[in-house]
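# Chains, contacts and geometry: an overview
Read off the chains here:
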Amino acid sequence: MNGSRVTAVGHYQPAKVLTNEDLAGMVDTSDEWIRTRVGIRTRHIAGADEPVDELAAHAAAKALAAAGLAPGDIDLVLVATCTTVDRSPNTAARVAARLGMPQPAAMDVNVVCAGFTHALATADHAVRAGAANRALVIGAEKMSDVTDWADRTTCVLVGDGAGAAVVEACPAGEGPGIGPVLWGSVPEMGHAVRIEGTPARFAQEGQSVYRWATTQLPPIARRVCERAGIAPEELAAVVLHQANLRIIEPLAEKLGAVNAVVARDVTESGNTSAASIPLALSKLVERGEISSGEPVLLFGFGGNLSYAGQVIRCP
C-alpha cells in the first residue's frame, strides 16, 4: 500500500472564445465591470455539436499520450461533471467508448466545482485498496448549456472545457504522490450555488459564496497541507477552483503559500466548474511553471457547498 501518484495530465478547450466585449453586446455589462468584479477576460464556449463526453475524451487522450499509455491500460474511469444532459450511459462510459477502452469501471462524480478533487481522492483510494491499477480522472463541463445568457450576474462567469489526470500506483519504495484528502460540505448552505429546473439553469448567491470561500476555507486549506506533512511555504503551486479571481487571490494569500505559483487560469477560461482544477494544473505543467515532483495543493470548493483538497506531487 504505497499509495498512488498522478503520472500525467492533459486538457482541452473548445475553439470558440467569448470575450468581455462580446458579452457587452449581449447583456448590460462591460469589460471593466467584469474584470473589476471577477477578473475574467475571456472564456471558451462549446458548440451545439460538442457534448461533455467529447470534451472529456479530448483531454483524456492527451493525458494518456503524456503518460505513454494506451486506452486499454486503464481499468477505472471517473468523470467529474454536473452539466451532462443524459443520465445513461453516463459520461465516463461514453468517454471509455470513444477511446476504445475494453472493460473499465466507469463512474460519474457530481460534486459540482469540487468534483475533480473528490474524484481524484476516489481514484487514489481505489488504487490503494487494489481495486484499480491505473485510473483516468477527468473534470469536464459544458457550463454554457446551463447558463441564462440574459443574466449578467452569471453569464459573465462561465466557460466550457475539460482536464484529465492519469493516476497509477507508486513504485515500491516510493512515498505516496497523492496526499490524504480533506473533504466535507455545508449542506444547510447548499442553496447558495444551484443548477436547477427545466431547463436547468445556474444561479448563485454571490456574496454568500464569497464570504464563505474567503473566511471559512483558508484554515481548511491549511489543514490539507498539514495532512500531507507540508508547510504552505513549501508548496510549489496552488491550484484552487477557478471560480473568481477575487476569491482565488485572498484565499491563496491567507493560506500563506508565499513561494507558490498561484493558478489564475480563470482570467482566460472563466469558471469551468469541475474542469477548472485539472485545466489549470495541466496548463502550469505544459508551460513548465512547476517541475516534476514538486508539491502542489489542489483545492476544490463550490456547489453544495462542498470542498475537497489534497497535496500531490507534480507529474
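The paragraphs below set out a description of the structure included in this document. Here the structure is a predicted model, which means the values were calculated and not measured.

## Let's talk about the sheet that holds strand 13 (residues 295–302)
Read across the open sheet, the 5 strands follow the order 8-14-13-11-12; overall the sheet is mixed. Strands at the two margins of the open sheet, each flanked by one partner only, are strand 8 (182–185) and strand 12 (261–262). Across 8 bridges, the pairing between strand 13 and strand 14 (residues 306–313) is antiparallel. Considered in strand 14, the bridge of Gly-300 is made with Ala-308. The strands that helix 9 (residues 245–255) touches are strand 11 (237–240), strand 12 and strand 13; relative to strand 11, the one it contacts most, it runs at about 135 degrees. Along the sheet, helix 11 (residues 276–286) contacts strand 11, strand 12, strand 13 and strand 14; its crossing angle with strand 11, the most-contacted strand, is approximately 150 degrees.

## What about the packing of aromatic side chains?
All told, the structure shown has 1 aromatic pair when counted by the stated rule. A ring pair is formed by Phe-299 and Phe-301, whose centres lie 6.1 Å apart and whose planes are at 40 degrees; its orientation type is tilted.

## Comments concerning the packing of helix 3 (residues 52–67) against helix 4 (residues 91–99)
Interhelical geometry of helix 3 versus helix 4 gives an angle of 55 degrees and a closest axis separation of 9 Å. Our classification of the angle between helix 3 and helix 4 gives oblique. Relative to helix 4, the crossing made by helix 3 is right-handed. Residue-level contacts link Val-52, Asp-53, Glu-54, Ala-56, Ala-57, Ala-60, Ala-61 and Leu-64 of helix 3 to Thr-91, Arg-94, Val-95, Arg-98 and Leu-99 of helix 4. Across the contact of helix 3 with helix 4, the residue classes tally to 8 nonpolar, 1 polar and 4 charged.

## Concerning the nonpolar core
As a rule of thumb, nonpolar side chains are buried together in soluble globular proteins. Among the nonpolar cores identified, the biggest contains 48 residues, and Leu-217, Leu-235, Leu-297, Phe-299 and Phe-301 are the most heavily contacted of them. By residue number, the principal contributor to this core is helix 9, which donates 6 residues. Val-109, Ala-263, Ile-277 and Leu-281 belong to the second-largest nonpolar core, a separate cluster that totals 34 residues.

## Notes on helix 4
For helix 4, the set of buried residues is Thr-91, Ala-92, Val-95, Ala-96 and Leu-99. Across the axial projection of helix 4, the buried residues extend over an arc of 140 degrees, all falling on one side. On its buried face, helix 4 sits against helix 3, strand 4 (76–80), strand 5 (105–109) and strand 6 (134–142). Following helix 4 by one or two positions, Gly-100 adopts a phi angle in the positive range, close to 75 degrees.

What counts and how
Residues numbered from 1 in each chain as written. Predicted model: local features only at pLDDT ≥ 70, side-chain atom pairs only at ≥ 80, totals over all residues. Heavy atoms only, no water. Pairing = 2+ DSSP bridges. Helix = DSSP H or I, 4+ residues; strand = E, 2+ residues; numbered from the N terminus. Contact = heavy atoms within 4.5 Å. Axes fitted to C-alpha atoms, helices over the stretch in contact; angles between N-to-C directions. Phe/Tyr/Trp six-rings, centres within 6.5 Å; stacked < 30°, edge-to-face > 60°. Parallel < 35°, antiparallel > 145°, perpendicular 65-115°, else oblique. Left-handed = near helix turned anticlockwise from the far one by under 90°. Nonpolar A, V, L, I, M, F, W, Y, C, P; charged D, E, K, R; others polar. Core = buried A, V, L, I, M, F, W, Y, C linked by side-chain atoms within 4.5 Å. Buried < 20%, exposed > 50% of the residue type's maximum accessible area, 1.4 Å probe, protein only. Arc of directions from axis to C-beta.

Interpretation in functional terms is not warranted from these geometric data alone.
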